[in-house]
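Here are the chains, one letter per residue:
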Amino acid sequence: LTLAERMLEEMEQALDDLQAHARRERGLVVVAATASLVSHALAPALGVLNRRHPGILVRILEANTGGATRRLLSGEVDIALTTLLEPDPAMDAVPLLRDRFGVVCPPGHPLLDGTAPLDWTALRDQPLLSLGSESGIRALLERQAPPWLAYPRARHEVSSVGGLRSLIRQGIGVAALPALAAQPMREDGLGFRPLAPAICRTVYLARRQGRSPTPATAALVALLLDQVALLADESIEALVDLDELRRLGFA
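This is a predicted model, so every value here is computed, not measured.

Reading the values: rules and limits
- Residues numbered from 1 in each chain as written.
- Predicted model: local features only at pLDDT ≥ 70, side-chain atom pairs only at ≥ 80, totals over all residues.
- Heavy atoms only, no water.
- Helix = DSSP H or I, 4+ residues; strand = E, 2+ residues; numbered from the N terminus.
- Buried < 20%, exposed > 50% of the residue type's maximum accessible area, 1.4 Å probe, protein only.
- Areas by Shrake-Rupley, 256 points an atom, 1.4 Å probe, with all protein chains shown as cover.
- Lys, Arg positive; Asp, Glu negative; His and termini not counted.
- Charge placed at Lys NZ, Arg CZ, Asp CG, Glu CD.
- Contact = heavy atoms within 4.5 Å.
- Core = buried A, V, L, I, M, F, W, Y, C linked by side-chain atoms within 4.5 Å.

Student: Looking at this model, I keep getting lost on the overall build of the protein chain. Mind explaining?
Tutor: Within the protein chain, the secondary structure is distributed over eight helices and 11 strands. With the C-alpha coordinates of the protein chain rotated into their principal frame, the extents come out at 85 × 35 × 35 Å. Put simply, the protein chain has 251 residues, and 48% of those count as buried. In the form shown here, the protein chain has an accessible surface area of approximately 12400 Å², with 51% of it arising from carbon and sulfur atoms. Treating the 26 positive side-chain charges of the protein chain as one cloud and the 29 negative ones as another, the clouds have centres 4 Å apart.

Student: Please clarify how the environment of L225 should be interpreted in this entry.
Tutor: When you line up the elements, L225 lands in helix α7 (residues 215-230). Residues L225 and V240, 15 residues apart in the sequence, show an inter-C-alpha distance of 7.4 Å. Not counting residues within four places of it along the chain, the set of residues in contact with L225 comprises L96, V240 and L245.

Student: I would appreciate a short explanation of the nonpolar core in the present structure.
Tutor: Where a protein is soluble and globular, its nonpolar side chains tend to be buried together. Among the nonpolar cores identified, the biggest contains 64 residues, and L81, W120, L164, L177 and L205 are the most heavily contacted of them. Not counting chain neighbours up to four residues away, the residues in contact with L177 comprise R100, F101, G102, V104, L131, I137, L164, A182, M185 and F192. Counting 11 residues, the second largest nonpolar core, distinct from the first, contains L61, A68, V77 and L84.

This is the structure in structure tokens:
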């Protein structure tokens, strides 16, 4: 009888826990995301989530495209916010936003003279800085930018956008970056000017194929979409397909 009573108590506790997860009172969400999305979309969404659902815990792993993809496919994270260069049958992905490439320069740099989009040829004689080979930004440029903008000719290479910002601030060179990735640099006083013809990056919300999101994950994603909509400007376009999100269980 004592054993049976203990088993019933444990079952009741387990059911209470499941109901709390369903009501979004508890839960854990693990996210892999680029630094720019963490700063400008995920962090504000998390602030709202904490007020509405204080029992939901979120673990954020900053990662470039290669790292985010590996962590998602290994099951280490629930969702990834990242660039995808190729469709992957092991993932379900929906576009979140599209941002345009521009050149980031130190304040007062000659490339910042003017507001109209700058032709890519203006970078031909500039000292270029590059992100590492696992960066989706670099891979996209290698596919779509003019052939002469070959990254082996970059003066210096760093593994993070934060490191790139430090080099640009020191006047070591300039870099071509998408508008959202450049946003922290603009806020830090560096200059950004769109490049023409336009090259754009698309950032996706991805999950492992066939893995339904938990109620906690869906709650975070709903708030994330609100923040993405607020980012829209002349160089950043919000791409939110509610029907596709519903199909994947996020809305």
